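The primary structure of each chain is shown beneath.
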Amino acid sequence: MKRNRRFEKRHKGGRIRSVGVNPRSFERGQLKIYAYLVPISIVMLLPIVYIIVSAFKPVDELFAYPPRFYVKNPTFDNFRRLFEISADTNIPASRYLFNTLVITVVRMAGNAWIAVSVGYVLSKKNFRSKNALLQINNAALMFVSVAVAIPTYFVIVYTHLYNNFLVNIIPALVAPTGVFLTKQFIDQLPDALMEAAVIDGASDYLILRKIVFPLVRPALSTVLLLSFQGSWIEVTASQMYLDSETGKTFAYYIGNLSLGGSVSTQGVAAAGALIMFLPSIILFIVLQSGVMNTMAHSGIK
Amino acid sequence: MRRKQKGFAAQRRFTDQYSHWILLSPYVLLFVLFIIIPVGAAIGLSFTDFNTIAKPSFTGLANYINLLTNDAVFMQKVLPNTLMYAVFVGLGGYILSFLMAWSLAQLTKRPRMLLTVILYSPSVTGGVLLSTIWSFVFSGDKRGLVNYVLLKLELIETPIQFLKSPEYLMTVMIIVGLWSSMGIGFLAILSGIVNADTELYEAARIDGVRNRFQEIIYVTIPSIKPQMLFGAVMAIVNTFKDAGTGVLLSGANPTPDYAGQLIANHIDDYGFIRYEMGYASAISTVLLLLIYVLSRVVSRIFAERE
């Protein structure tokens, strides 16, 4: 009986749904969900908040007992020290930061170009080995690079990428997930658009530039986000394939700082962590609607 | 002059006719170099004895036999650790992702977006960042957050060395793993639920679906099977990809008493520390096979039945 009433309430006179999936407005039934979702979110957020706060703590507050989730005298000392410590390696921290910026920009451009052009070809073109390529790319979603670290090492040596700055970039251009997501997104663009362009004599390159690129913006934002997140925290190449410090990344530099683990370097490590973390999240917030739009088409069929 | 034009036209025809291969070629080339060759080489080397100095010598299945019969660390520590981690972080994280996604889908747009950002953000904290954050929380002195709370509640008398002691390392790794498990797979599931056809739910109610639980089983999951599959594949990959957490948190490879040793660490241990490349490749092959089989299993579960 009670159930029945609720049913009627929801459907009376074609009212807009406010209970159930993707409701339009707030309804008391949603309180139950908030009751557990908000506490869980807070618990998940705590470690991050603590890091952010610690990054601005002066040394005496870092040592303070009990540990506090707020800072009394916020300071930028930790950030300043982060850039000064590097004096003993003879390479300024700004060099590492510059490397990371270059790597990030080039990788984002490369990943975006490859994802869209390959996604377009695998989605809209017809040729003999297409199905096989699709299957192989889908299988590569399961690819775990750490599993084949040893043969990859030899490939890097043979292709002269060892001790070469490009090792930060080239292996990362293979991103099956980005290609897959973009291909799924292009699948739902109407064929008619491309057919009309072909009749007008447009080449695939022109179609890509004029039709596909403008329409795949949501998928592109996903690829760019994944690419950014991967590049910003890139350490593998610095740890394994580069001997000279000059080509290494900022994430690597920060990782080495926090290895010490003493309280005195904790503030600096926290400042480094903040620099590693915030840009990824800000970018996610900016690109969120495009990302969620892409994800709606992400299913493997 | 005319000839030149003709040549240009022919060239144009070539680039247009094979445009798909031209567009594919950079990706295919890099794909072969950094995925196909390494996987092939790992399988090939797994049948050899190879120490990086002498040429690999063929030894048949010896590596696999050793792995299954002689490697006490693998059988007693690494494999059980990996399975435990896979169940809690892989399967547990996947279920958690689904439940959180489902819950978020019941909310209005703005609060949903805010909470999504919060739940998603831990997943971008790879490697370095992860260890920095969690060494604050589980720090072994009394200023560590967990130790502080436990001391305050008088549950313990002296601070616990969470990251250095074999008893606790795996638990910490599972907590950290679950915390950062809501990544791209979670977004896919959330987006699938939000964008599913709402009429399905109304039809199901008329057909006698009575409560939220039935709704999830009979409507939500079947309508987002492809996203569930994508999420599952991502969960599996993330679980087995994880080589860093235990080593980074404890600051040692091997981890104390092998308590946090996962299969990917075992590969590193043999490959880059002991230089037994053949043997390490055999472990790699087992890992790849494990991921492949699991992915087949989940595709069976979520296959679209026509």
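Residues numbered from 1 in each chain as written. Chains lettered and ligands numbered in written order. Predicted model: local features only at pLDDT ≥ 70, side-chain atom pairs only at ≥ 80, totals over all residues.

It is worth spelling out the packing of helix α2 (residues 19-45) of chain B against helix α15 (residues 277-302) of chain B at this point. Residue and element names in this part refer to chain B. At a closest axis distance of 7 Å, the pairing of α2 and α15 adopts a crossing angle of 120°. One finds that α2 runs oblique with respect to α15. Where α2 crosses over α15, the handedness of that crossing is left-handed. On α15, the residues that touch Val39, Ala42, Ile43 and Leu45 of α2 are Met277, Gly278, Ser281, Ser284, Thr285 and Leu288. (Axes fitted to C-alpha atoms, helices over the stretch in contact; angles between N-to-C directions. Helix = DSSP H or I, 4+ residues; strand = E, 2+ residues; numbered from the N terminus. Parallel < 35°, antiparallel > 145°, perpendicular 65-115°, else oblique. Left-handed = near helix turned anticlockwise from the far one by under 90°. Contact = placed C-beta atoms within 7 Å.)

Turning our eyes to something else, we now look at unusual backbone geometry. One non-glycine residue, His160(A), lies in positive phi territory at about 60°. Within the secondary structure layout, His160(A) lies in the loop between α7 (149-158) and α8 (176-187). In this structure His160(A) comes out as exposed when scored by C-beta crowding, with 10 C-beta atoms within 10 Å. Its identity as a non-glycine residue notwithstanding, Tyr258(B) has a phi of 60°, on the positive side. (Buried ≥ 20, exposed ≤ 12 C-beta atoms within 10 Å, placed from the backbone.)

A few words on the interface of chain B and chain A. Across the contact, 84 residues belong to chain B and 77 residues belong to chain A. Among the elements that make up the side of chain B that touches chain A, the one with the highest residue count is α2(B) (17 residues). Of the residues in the side of chain B that touches chain A, the class split is 55 nonpolar, 22 polar and seven charged. (Nonpolar A, V, L, I, M, F, W, Y, C, P; charged D, E, K, R; others polar.)

In this section: the domain arrangement of chain A. All names here are of chain A. We note that the domain assignment places domain 1 (27-75) and domain 2 (92-295) within chain A. Computed over C-alpha atoms, the centres of domain 1 and domain 2 are 31 Å apart. At the junction of the two partners, domain 1 supplies eight residues and domain 2 supplies eight residues. Sorting the residues of the side of domain 1 that touches domain 2 by element identifies α2 (30-55) and α3 (59-62) as the ones contributing at least two each. If you tally residues by element for the side of domain 1 that touches domain 2, the top one is α2, at four residues. Tallied by class, the residues present in the side of domain 1 that touches domain 2 amount to six nonpolar, one polar and one charged. (Domains from an automatic or database assignment.)

If you look at the biggest cluster of nonpolar residues, it comprises 153 residues, and the most contacted ones within it are Ala101(B), Ile193(B) and Ile283(B). Two domains each provide a minimum of three residues to this core, namely domain 1 (27-75) and domain 2 (92-295) of chain A. When near neighbours in sequence (up to four residues on either side) are disregarded, Ile283(B) contacts Leu67(B), Ile263(B), His266(B), Ile267(B) and Tyr270(B). (Core = buried A, V, L, I, M, F, W, Y, C linked by C-beta atoms within 7 Å.)

Let us now look at helix α4 (residues 72-105) of chain B. The end-to-end C-alpha separation of α4(B) is 47 Å, in line with the 50 Å expected for 34 residues at 1.5 Å each. Of all the bends in α4(B), the greatest reaches close to 30° and is centred on Val78(B); the proline Pro80(B) follows between one and four positions later. (Expected span 1.5 Å × (residues − 1). Bend = angle between axes of the 7 residues up to and from the residue.)

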